[in-house]
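# Structural features, examined
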Amino acid sequence: MDGIAIEVQNLKKSYGDLEAVAGIDVQVRQGEVYSLLGPNGAGKTTTVEILEGYRERTSGEVNVLGYDPARGERSFKQRIGIVLQSTGVEPYLTVEEVVELHRGYYPSPRPLDEVIEVVELTAKRKSRVGKLSGGQQRRLDVAVGLAGDPELLFLDEPTTGFDPSARRHAWAMVKNLQALGKTVFLTTHYMDEAQNLADRAAIIVGGRIVAEGPPGTLGGRAEAPTSVTFQLPPHAPPLPEHLHPHVSSSRGVHLEATEPMKTLHDLTGWALEHDVELESLSVARPSLEDVYLSLTGEPSDAAASSPAVPAGERPT
Amino acid sequence: MSSAALALREVRYQNKAFWRNPASAFFTFAFPLMFLVIFNLLFGNAKRVIEGQTTTTATFYVPAIAAFSVITACYTNIAISLSFTRDGGILKRVRGTPLPAWAFMAGRIVHATLMAVLLVVIVCLFGVLFYDVSIPTNTMPAFLVTLIVGAASFCALGLAITCIIPNGDASPAIVNASILPLLFISDIFIPLQGAPAWLTTFAKVFPVWHFSKAMQAAFNPFETGSGFHLTDLAVVAAWGLAGMFIAARFFSWEPRR
């Protein structure tokens, strides 16, 4: 287990006929933020709950910090922190009391003030849990997960339902944990979350991992063509043929560039030569979202705006 | 921290949370007293005969309502509150911490038992102050032992019944359906005089009847012995053990919807 926090081999989990997890391999290094990204029902929660020790696996090898989580050993639970998908805290206790109660469960907990500070609930420490907002309760969930100063923290969709600023705060918190050398296993269905936080991410669809790697190269993003778009003014001369432009009816142009520097050079050179203004010029590498949508088989925005079903096959 | 210390800590936090829901706390305590007052109003003029001696209705009802208090504080409260706690995901969360399961359960049981004892004290005081009931002295050990055995057993049964309660919303219905009929046929709410023999035989299968008998005996002012009804206590304890076994085997930390 040198430097490896989580090692999973050919993990399978079936509920009756339904195969929720269909044989996945995962390896998470110590100190790494690893994200399991996928749509609802892809098997994320089943996987993370097997790693946490809540579910028994149907088959496969699972090793978390040198333990088999299914055995539910106390010494294992002392070293991990769990933030479940849904909130569950005694509503009549105060923030401070809940954190203190949980600190008592662990052999070397994090200082009380520090835990409350990290989740930015210092101003609410004397408030009853039942009186907190949804976002504040979620932060308290995270505080409870951190109370024991775990070396490995599981976060199951930690920012679902957060407003944008709360999400930024949550992300800053995860980055703090990473700076402290903690390992974080995160599930999310937000691509920007994986993009911002994860050292490595895996995309899971239908219980299978379809892509894995650093978010920047995930699913062949590094090799995929760059897309160049702009608006062509009326009466402009035709674009050079070798750029293979796609021109829409509203004169929007889309180019796929495998050598973006050369393409841009040719394009801007052509525009200067013909005195053509390239309005709204943008150059974009495929986003994680594009990769994700193509891998999960969900229609992307571009596909959604055109008829999804050929005219002849539409139901009548 | 040792496991026993962890369990005591659970009791402390459980107690804090309990008193911070004043409406719930108030009715937990007011409910048995309401029954005591109502039954005394309804049947107050009648004289009761206990083991050949005539006594007042209140002398019958104080131990009966004390038994009812124990059942409410232990069986009913544990079953309903655990079902809602389970729905809220709190049990699942506890399961993921290093807190041993038994320490969590012990915390709940000890707290419920303390509440039951407090309730019984209040019911007895109420009886002394308003109904001129005398507290027995020679049977006091029997009364205390019966109280503790009953409280522990009904706590265990409260844990056991959660195994068939699918969610919090269903819990009051299931808990009441399982306990109210027994309260009526076990000499607690109304004296069983002239009930058909088969009904009494049926009631004797369950722990409520035996608990009420043991409490009555330990509160009987005419009792000259120790007041221990060991057979009844044994039946109550056996049910408690069965409950513990079922809970240990089938208890669920997550809701089934």
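### Here we look at the overall build of chain B
Along chain B, the regular secondary structure elements total ten helices and two strands. Helices and strands in chain B line up, N terminus first, as α-α-β-β-α-α-α-α-α-α-α-α. On C-alpha atoms alone, chain B measures out to a radius of gyration of 19 Å, which is about the 18 Å that the 2.2 N^0.38 rule sets for 257 residues. Structurally, chain B occupies a C-alpha span of about 60 × 35 × 35 Å along its principal axes. Taking the intrachain contacts of chain B between residues at least 6 apart in sequence as the baseline, contacts between residues at least 24 apart amount to 80%. For chain B, the distance from the average site of its 16 positive side-chain charges to the average site of its 9 negative ones is 12 Å.

### Considering the interface of chain A and chain B
Every contact between the two is made by 26 residues of chain A and, on the other side, 23 residues of chain B. Summed over both partners, the interface of chain A with chain B comes to about 2400 Å²; 52% of that surface belongs to carbon and sulfur atoms. It is Arg-74, Tyr-92 and Tyr-105 of chain A in chain A that bury the most area against chain B; as a group they hold 26% of the surface buried on that side. The tally of links between chain A and chain B comes to five salt bridges. Among the salt bridges present, the one from Glu-49 of chain A reaches Lys-92 of chain B, with a minimum N-O distance of 2.5 Å. Inspection of the chain A/chain B interface yields 15 residue pairs in polar contact (both at pLDDT 80 or more). Counting only elements with at least two residues in the side of chain A that touches chain B, the list comes to helix H2 (74-77), helix H3 (95-103) and helix H5 (134-146) of chain A. No other element matches the four residues that H3 of chain A contributes to the side of chain A that touches chain B. Here the side of chain A that touches chain B is built from residues that sort into eleven nonpolar, six polar and nine charged.

### What to know about empty space enclosed by the protein
On inspection of all chains with the given rule, the structure shows four cavities of 30 Å³ or more. Its boundaries defined by the atoms lining it, the largest cavity holds a volume of some 200 Å³. Taken together, 17 residues line the largest cavity, and the ones lying closest to its centre are Glu-90 and Leu-101 of chain A together with Glu-10, Ile-90 and Phe-104 of chain B. Of all the secondary-structure elements, those providing two or more residues to the lining of the largest cavity are H3 of chain A together with helix H1 (3-19), helix H4 (90-95) and helix H5 (101-131) of chain B. The volume enclosed by the second largest cavity comes to roughly 80 Å³. Breaking the lining of the second largest cavity down by element, the ones donating at least two residues are strand S5 (80-83) and H5 of chain A. The element best represented in the lining of the second largest cavity is S5 of chain A, accounting for three residues.

### Quick word on the domain arrangement of chain A
Domains assigned within chain A are domain 1 (4-216) and domain 2 (226-284). One C-alpha centre belongs to domain 1 of chain A, the other to domain 2 of chain A; they are set 45 Å apart.

### What to know about the side chain of Arg-108 of chain B
Here Arg-108 of chain B lies in helix H5. Buried within the structure, Arg-108 of chain B lacks any salt-bridge partner; its nearest side chain of opposite charge belongs to Glu-90 of chain A, at an N-O separation of 4.3 Å. Sequence-distant contacts of Arg-108 of chain B, defined by excluding residues within four places in its chain, comprise Glu-90 of chain A together with Gln-14, Ile-78, Ser-81, Leu-82 and Thr-85 of chain B.

### Describing unusual backbone geometry
Of note, Arg-251 of chain A is a non-glycine position whose phi angle comes to about 70°, a positive value. Relative to the helices and strands, Arg-251 of chain A is located in the loop between strand S11 (246-247) and strand S12 (252-257). Non-glycine residue Asp-132 of chain B carries a positive phi angle of around 60°. Residue placement: Asp-132 of chain B occurs in the loop between H5 and helix H6 (140-161).

### Concerning helix H2 (residues 22-43) of chain B
Residue and element names in this part refer to chain B. When the terminal C-alpha atoms of H2 are compared, their 32 Å separation across 22 residues agrees well with the 32 Å that a helix rising 1.5 Å per residue should span. Taken as a whole, H2 carries its principal kink of about 30° at Ala-30; the proline Pro-32 stands between one and four residues after it. When H2 is considered as a whole, its buried residues turn out to be Ala-25, Thr-28, Phe-29, Ala-30, Pro-32, Leu-33, Leu-36, Phe-39 and Asn-40. Summarising the contacts, the buried residues of H2 are in contact with H1, helix H3 (57-87) and H5.

### Quick notes on the layout of surface pockets
Taken as a whole, the largest pocket holds about 960 Å³ of empty space. What lines the largest pocket is a set of 39 residues, and nearest its centre among them are Phe-18, Ser-24, Asn-77, Ile-80 and Ser-81 of chain B. When residues in the lining of the largest pocket are grouped by element, the largest group, eleven residues, is from H3 of chain B. Among the residues making up the lining of the largest pocket, the classes are represented as 21 nonpolar, 16 polar and two charged. In this model, the second largest pocket occupies a volume close to 550 Å³. Lining the second largest pocket are 25 residues; nearest its centre among them are Gly-53, Tyr-54 and Lys-77 of chain A together with Arg-95 and Trp-253 of chain B.

### Considering the environment of Ile-148 of chain B
Residues and elements named next belong to chain B. With respect to the element layout, Ile-148 can be found in helix H6. Note: C-alpha distance between Ile-148 and Ala-116 (32 residues apart in sequence) is 9.0 Å. Beyond its immediate stretch of four places on either side in the chain, Ile-148 contacts Thr-113 and Val-117.

### Considerations on the state of the cysteines
Residues and elements named next belong to chain B. Inspection of every chain in the model, using the stated rule, returns zero disulfides over all chains. Between Cys-74, a cysteine without a disulfide, and Cys-155, which holds the nearest cysteine sulfur, the sulfur-to-sulfur distance is 3.6 Å. Its sulfur unpaired, Cys-163 is 15 Å from the next cysteine sulfur, which belongs to Cys-155. Residue class for Cys-163 comes out buried when judged on its relative accessible area of 12%.

Reading guide: rules and limits
- Residues numbered from 1 in each chain as written.
- Chains lettered and ligands numbered in written order.
- Predicted model: local features only at pLDDT ≥ 70, side-chain atom pairs only at ≥ 80, totals over all residues.
- Heavy atoms only, no water.
- Helix = DSSP H or I, 4+ residues; strand = E, 2+ residues; numbered from the N terminus.
- Rg over C-alpha atoms; globule rule 2.2 N^0.38 Å.
- Contact = heavy atoms within 4.5 Å.
- Lys, Arg positive; Asp, Glu negative; His and termini not counted.
- Charge placed at Lys NZ, Arg CZ, Asp CG, Glu CD.
- Buried area = accessible area lost by both parts, 1.4 Å probe.
- Salt bridge = Lys/Arg side-chain N within 4 Å of Asp/Glu carboxyl O.
- Polar contact = N/O pair within 3.5 Å; in protein donor to acceptor, adjacent residues only side chain to side chain.
- Nonpolar A, V, L, I, M, F, W, Y, C, P; charged D, E, K, R; others polar.
- 1 Å grid on protein atoms, 1.4 Å probe; cavity = no way out; pocket = protein on both sides within 12 Å on 5 of 7 lines; lining within 4 Å.
- Points joined across faces, edges and corners; volume = space filled by probe spheres on them.
- Domains from an automatic or database assignment.
- Buried < 20%, exposed > 50% of the residue type's maximum accessible area, 1.4 Å probe, protein only.
- Expected span 1.5 Å × (residues − 1).
- Bend = angle between axes of the 7 residues up to and from the residue.
- Disulfide = S-S within 2.5 Å.

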